[in-house]
Amino acid sequence: MASALINVPPRVKRGEIIEIKTLISHTMETGFRRTQLGALIPRDIIRRFTCTYNGTEVFRAELHPAISANPFIVFSTIAVESGTLEFHWTGDNGFSVSQSTAILVE
Amino acid sequence: MSSRRRLATALGGLAFAASALAAELPSADRRSGYDFMSRETRAMQDDDTANPAMLWVLEGGALWTRKAGAAGRACADCHGDARATMKGVAARHPSFDPARGRPVNLEQRINACRTDRQGAPPLAYESRELLALAAYVARQSRGQPIEVAIDPRTQPFLEAGRATYHRRQGQLNLACSQCHDANWGRQLAGNVIPQAHPSGYPLYRLEWQGLGSLQRRLRNCLVGIRAEPYEYGAPELVQLELYLMWRARGMTFEAPAVRP
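None of these values were measured; they are calculated from a predicted model.

Even after reading the chapter, I still don't get the overall build of chain B, so can you show me in this structure?
The helix and strand inventory of chain B stands at 11 helices and 7 strands. Relative to a compact globule of 260 residues, whose C-alpha radius of gyration would be 18 Å, chain B shows 20 Å and is just as compact. Along the longest, intermediate and shortest principal axes, the C-alpha atoms of chain B span 70 × 45 × 30 Å. By the burial criterion, 35% of the 260 residues in chain B qualify as buried. For chain B, restricting intrachain contacts to residue pairs at least 6 apart in sequence, the fraction spanning at least 24 positions comes to 72%.

Would you mind showing me how to read the interface of chain A and chain B here?
Quoted interface sizes are often the accessible area lost when the parts come together. Contact with chain A, which involves 11 residues of that partner, is made by 9 residues of chain B. Of all elements in the fold, only strand 1 (4–7) and strand 3 (17–24) of chain A reach the threshold of two or more residues within the side of chain A that touches chain B. Looking at the side of chain A that touches chain B residue by residue, the class counts come to 5 nonpolar, 5 polar and 1 charged.

Any chance you could explain the sheet that holds strand 6 (residues 72–78) of chain A here in plain terms?
Hydrogen bonding along the main chain pairs the strands of a sheet, whether they run parallel or antiparallel. Residue and element names in this part refer to chain A. The sheet built from 3 strands is open, its strands ordered 1-3-6 with antiparallel pairing. Looking at which strands have only one partner, the edges of the open sheet turn out to be strand 1 and strand 6. Pairwise comparison of adjacent strand axes, ignoring direction, gives a mean angle of 15 degrees for this sheet. Examined bridge by bridge, strand 1 and strand 3 share 4 bridges and lie antiparallel to one another. Within the sheet, the bridge partner assigned to Ala 4 lies in strand 3 and is Ile 24.

For this particular structure, what's the right way to read the sheet that holds strand 5 (residues 203–205) of chain B?
Residues and elements named next belong to chain B. With respect to topology, 3 strands assemble into an open sheet ordered 6-5-7, the strand pairing being mixed. At either end of the open sheet lies a strand with only one pairing partner, and these are strand 6 (210–212) and strand 7 (258–259). When strand 5 meets strand 7, the two strands line up parallel, connected through 2 bridges. The residue of strand 7 that forms the bridge with Tyr 204 is Val 258.

What exactly am I supposed to notice about the nonpolar core here?
Within soluble globular proteins, side chains that are nonpolar generally end up buried alongside one another. Counting 57 residues, the largest nonpolar core has Ala 53, Trp 56, Leu 133, Ala 134, Ala 135, Val 137 and Leu 203 of chain B as the members making the most contacts within it. The element contributing the most residues to this core is helix 7 (residues 128–139) of chain B, with 9 residues. Ala 134 of chain B has contacts with Leu 106, Glu 107, Ile 110, Pro 202 and Ser 213 of chain B, leaving out every residue within four places of it along the chain. In terms of nonpolar packing, the next biggest core, distinct from the first, is built from 7 residues, Val 8, Cys 51, Ala 79 and Leu 85 of chain A among them.

Hey, could you run me through the packing of helix 8 (residues 155–166) of chain B against helix 11 (residues 235–247) of chain B in this one?
Helix-helix packing is described using two parameters, namely the angle between the two axes and the distance between the axes. Residue and element names in this part refer to chain B. Remark: helix 8 packs on helix 11, axes separated minimally by 7 Å, with the N-to-C direction vectors making an angle of 90 degrees. Viewed along their axes, helix 8 and helix 11 adopt a mutual orientation that is roughly perpendicular. Here Phe 157, Leu 158, Ala 160, Gly 161, Arg 162, Thr 164 and Tyr 165 of helix 8 come into contact with helix 11, specifically with Glu 236, Gln 239, Leu 240, Leu 242, Tyr 243 and Trp 246. Here the contact of helix 8 with helix 11 is composed, by residue class, of 8 nonpolar, 3 polar and 2 charged.

What is the right way to read the domain arrangement of chain B from this model?
All names here are of chain B. One can read the domain layout of chain B as domain 1 (29–38 + 150–259) and domain 2 (53–139). The C-alpha-based centres of domain 1 and domain 2 are spaced at 22 Å. Ranked by the residues each element gives to the side of domain 1 that touches domain 2, the list is headed by helix 11, at 5 residues. Here the residues of the side of domain 1 that touches domain 2 sort into 14 nonpolar, 5 polar and 3 charged.

Cut-offs and rules
- Starting from 1, residues in each chain are numbered consecutively following that chain's sequence as written.
- Whichever chain is written first is A, and whichever ligand is written first is 1; the rest continue in order.
- At least 70 in pLDDT is required for a residue's local features to be given in this predicted model, at least 80 for side-chain atom pairs to be given and counted, and no such filter applies to totals for whole chains, interfaces and linings, which use all residues.
- Only DSSP runs of H or I with at least four residues qualify as helices, and only runs of E with at least two residues qualify as strands; both kinds are numbered from the N terminus onward.
- Values of the radius of gyration come from C-alpha atoms, whereas the globule rule sets the reference at 2.2 Å times the count of residues to the power 0.38.
- Each residue is classed by its C-beta neighbour count within 10 Å, where at least 20 other C-beta atoms makes it buried, 12 or fewer makes it exposed, and intermediate counts make it partly exposed; the C-beta atoms are placed from backbone geometry.
- The contact rule is simple: place each C-beta atom from the backbone, and if two of them lie within 7 Å, those residues are in contact.
- Each residue is assigned to one class: nonpolar for Ala, Val, Leu, Ile, Met, Phe, Trp, Tyr, Cys and Pro, charged for Asp, Glu, Lys and Arg, and polar for all the others, Gly among them.
- Only strands that DSSP links by at least two bridges are regarded as paired with each other.
- To define axes, lines are fitted to C-alpha atoms, for helices over the stretch in contact only, and angles between the resulting N-to-C directions are given on a 0 to 180 degree scale.
- We call a set of buried Ala, Val, Leu, Ile, Met, Phe, Trp, Tyr and Cys residues a nonpolar core when their C-beta atoms link them within 7 Å.
- Roughly parallel here means an angle under 35 degrees, roughly antiparallel means over 145, roughly perpendicular means 65 to 115, and every remaining angle is called oblique.
- Where each domain starts and ends follows an automatic or database-derived domain assignment.

Structure, rendered in structure tokens:
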């Protein structure tokens, strides 16, 4: 079950710099580990994270095998108008999770 | 062995036994594992949006209202709103189960509910679902004082747990108390030795990259002293849990915690 926790301040002033925190459940299996019998455990990681603000991309990150499980990504953007922030995680084995949050700019 | 040497050994043994008992922590000296952590790890635990254990709590909240088993009942159908009904429950476990005639921990209580009331198969120890439900229930006790009930029924189990805690075991011949009572705050390799107060389980351990129960932690410690670990759910582990929770009585419950 994939689940994500997103923290965006619900009410902000126009022009304010806001901090956005995201946390997603994922094992981030590196692909370098082996089982006790020596078989390689296939890589299973999130490859890409994007955030769009009313359709405009404001943040993008590429993720690599060294990133720990349950990636916690914090970034900031400028509050320009009310609307929705959409978050999208994609990765190996067809992993794809989308979530959106409303933001109210005063 | 001469009788004099034998006497000296016996006296030495007595002296150790006495010091082990005398070393039981005075309540003013007790510290949660939280107090031994770095600033960054504390910040992770303090902020619910940065605490990865909250992912399990989120999942547990969904499981709480999902129907399961032959009875077609969800946890919420009997217990209602967990925020009210489960408040303080985790801080009181392990607690005595009259039907089984022994104390059970939180995970065993959840599984007892599943088998006895929901008609569902018990969840495996350390499975994602069981940890999620346990984390969700434990979250409702955050900030409550730890208070396990010690009465004539649980007293023998408490004493058995205390004996396990003070008994040397494993190839390294170490007792829990030798590290956690006598040497807490000092270094074991790169890590600070905490006082072994189980105030935040189930917790997210950075080393595990995931959530784990107190029993997982206890088994880790047993492997560390090269003793054969007890199986998950073994009465010995539950007794030890009971003793540790009693030892931490009155401390603030902080689940789901984060530990390095």
